[in-house]
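# Remarks on the overall topology
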Amino acid sequence: MVVLPVGAEVRVGRGESVEVLLDDHRASRVHAVLRFDGRAVTVRDEGSSNGTFVDGARVTGSRRVEDGERIEIGGSKIVVLLTLSGAPRPTAIAPVAASSEVVAVDPLTVSLFALVRRLAASDISVLVQGETGAGKELVARALHRDSLRASKPFVAINCATLTESIAASELFGHERGSFSGADARKVGVFESADGGTLLLDEVGELSPPNQALLLRALQEGSIRRVGSSRPVAVDVRVVSASNRDLALEVAQGRFRQDLYFRLNGVTVQVPALRARTRDILPMVERILAGQARAWRLGPGVAAALEAHPWVGNARELRNVVLRGMALADRDEIRLEHLLLGSRDAGAGGPSTAEDPSAFRAKIEETERRAIVTALTGAGGNQSQAARELGISRRCLITRMERYGLKPKPVSIREV
């Protein structure tokens, strides 16, 4: 959230000299200038290549923007807000990147994606590290989207799912008849990502034999399908991600040093959400803006959200907001709907006026929806969905059985 003082002007674009930096390759370096006069915002186009629009109408010269109107810059939208959470406050500008899920408002996040844009121009291997749910895959997708490989596939595989029996097949594919059950040729993720970007998610979970398989493919620039002796050349940019400290894993003998140096051309550290608190409310606004009806935050909610430690990072934040909407009676999310912790007044259980069984039913329905959402996002992969939810796979299976959910496991996702 960027707050504009009266009379202040800020430049918006993708250049490093602007005050509002957009993660958007369609924006000009200095695309537009915004000014607040105490009543409304004025936007002035700075001769941009793709133009500046307000609610679909192109801006010629400058134009006044009222509360709630959207300024469109490249593939991004900037929402002008005069109020937040029902309380008057100075006009604020909330950058929302339409081409991705990235919200970069906090200086830490802005610096992170400025680095990502620079790295995107090369093919250097990138190791993305950070806590679970912090946004490592968003960084990988941004590296691909801003690169010369953007028109080619982006493929992600969760290395934690690669057991000894399936690793080679999932990574490199197999020929028909190469083993029992191989009824047709299978293309692995390296071939699927040819010309594009391959994300090796949770690479620190690979077993030593699987680390050796991966190292050989990276060294040779080619793969061999299981059951074939013919090498197949592949051209992929490898981005790896891990919530483990791989340097420490190497020092303790759990990760190959030679593979670490292959993967770690540059390390990008994604900060935890609690370290970039200025992103929290814009992220909440993004979630609420994507709903079918309008929502507002009740008294004290914004402060509570900013003060929460967010151990589960962005995933936890999304779940809390969705839970708040599920438990809210009307269109206002109040403190008691967040369930941030029993120490918060009214947040740990039902109010005295609410029937406990009805409250429990709401919680179970919210849990069921969260599981369905996680399974859908993971393509049916139970291990990945469990990590998304912050529970064990066994716990997930138990709850799936309770709600009669039967997903189809899929380990490869392509965009």
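Above this text is the structure in question.
Residues numbered from 1 in each chain as written. Predicted model: local features only at pLDDT ≥ 70, side-chain atom pairs only at ≥ 80, totals over all residues. Heavy atoms only, no water.

## Describing the overall build of the protein chain
We apply this condition: Numbering of helices and strands runs from the N terminus, with a helix taken as a DSSP run of H or I at least four residues long and a strand as a DSSP run of E at least two residues long. Categorising residues by exposure relies on relative accessible area from a 1.4 Å probe, with only protein chains included: less than 20% of the type maximum marks a residue as buried, more than 50% marks it as exposed, and the intermediate range marks it as partly exposed. Note on contacts: a residue pair is in contact if any heavy atoms of the two residues lie within 4.5 Å. Note on areas: these come from Shrake-Rupley sampling with a 1.4 Å probe, and a residue is covered only by the protein chains present in the view.
Each helix and strand counted, the protein chain has 14 helices and 23 strands in total. Relative to its full complement of 415 residues, the protein chain shows a buried share of 48%. Contacts spanning at least 24 positions in sequence make up 62% of the contacts within the protein chain whose residues lie at least 6 apart. Taken as a whole, the protein chain presents about 19500 Å² of accessible surface, with 50% of it coming from carbon and sulfur.

## Thoughts on the pattern of salt bridges
Put simply, the rule is: A carboxyl oxygen of Asp or Glu within 4 Å of a side-chain nitrogen of Lys or Arg is what we treat as a salt bridge.
Taken as a whole, this structure holds 20 salt bridges when the rule is applied. Where E336 meets R334, a salt bridge forms, and the shortest distance between an N and an O atom there is 2.6 Å. In this structure E336 comes out as partly exposed when scored by relative accessible area, which is 32%. Note on R334: relative accessible area 28%, which makes it partly exposed. One network of salt bridges, in which partners are shared, links E175, R185, E191 and R225.

## Remarks on the packing of aromatic side chains
Put simply, the rule reads: Between 30 and 60 degrees the pair is tilted, below 30 it is stacked and above 60 it is edge-to-face, where a pair is any two Phe, Tyr or Trp rings, Trp via its six-membered ring, whose centres lie within 6.5 Å.
Applying the stated criterion across every chain, the model contains 2 aromatic pairs. When the centroid spacing of 5.7 Å and the interplanar angle of 40 degrees are considered together, the rings of F172 and F190 count as tilted. In this pair, F172 is assigned in helix α3 (residues 167–172) and F190 in helix α4 (residues 189–192), connecting sequence segments 18 residues apart.

## Observations regarding the sheet that holds strand β3 (residues 20–21)
Put simply, the test is: Paired strands are those between which DSSP finds at least two bridges.
One open sheet holds the 5 strands; their spatial order is β3-β2-β4-β5-β8, and the pairing between them is mixed. The sheet terminates laterally at β3 and β8 (62–65), the two strands that pair on one side only.

## Notes on the packing of helix α8 (residues 280–289) against helix α10 (residues 313–327)
Going by this rule: Every axis in this analysis is a line fitted to C-alpha atoms, fitted for helices over the stretch in contact. Angles between the N-to-C directions lie between 0 and 180 degrees. We call two directions roughly parallel when the angle between them is under 35 degrees, roughly antiparallel when it is over 145, roughly perpendicular when it lies between 65 and 115, and oblique otherwise. A clockwise turn of the near helix away from the far one marks a right-handed crossing, whereas an anticlockwise turn of less than a right angle marks a left-handed crossing. When residues are grouped by polarity, Ala, Val, Leu, Ile, Met, Phe, Trp, Tyr, Cys and Pro land in nonpolar, Asp, Glu, Lys and Arg in charged, and all others, Gly among them, in polar.
In the contact formed by α8 and α10, the axes pass within 10 Å of each other and the chain directions differ by 50 degrees. Our classification of the angle between α8 and α10 gives oblique. Every pair of crossing elements has a handedness; the one defined by α8 and α10 is right-handed. Between α8 and α10, the contacting residues are I280, M283, V284, I287 and L288 on the first element and A314, L317, R318, V321, L322 and M325 on the second. Considered class by class, the residues forming the contact of α8 with α10 number 10 nonpolar, no polar and 1 charged.

## Some points on the nonpolar core
To keep things clear, this is the line we draw: Only buried Ala, Val, Leu, Ile, Met, Phe, Trp, Tyr and Cys residues count toward a nonpolar core, and they belong to the same one when joined by side-chain atoms within 4.5 Å.
Ranked by size, the top nonpolar core spans 30 residues in total, and within it F190, L200, V203, L214, F255 and L263 carry the most contacts. Counting only elements with at least two residues in this core, the list comes to β13 (154–158), α3, α4, β16 (197–201), α5 (208–220), α6 (246–251) and α7 (257–263). Looking at this core, the element that brings in the most residues is α5, giving 4 residues. Those residues in contact with L200 that sit more than four places away from it in its chain are I157, C159, L214, V238, V239, S240, A241 and L263. Of all hydrophobic cores here, the second largest spans 24 residues; its members include L273, L297, A304 and I333.

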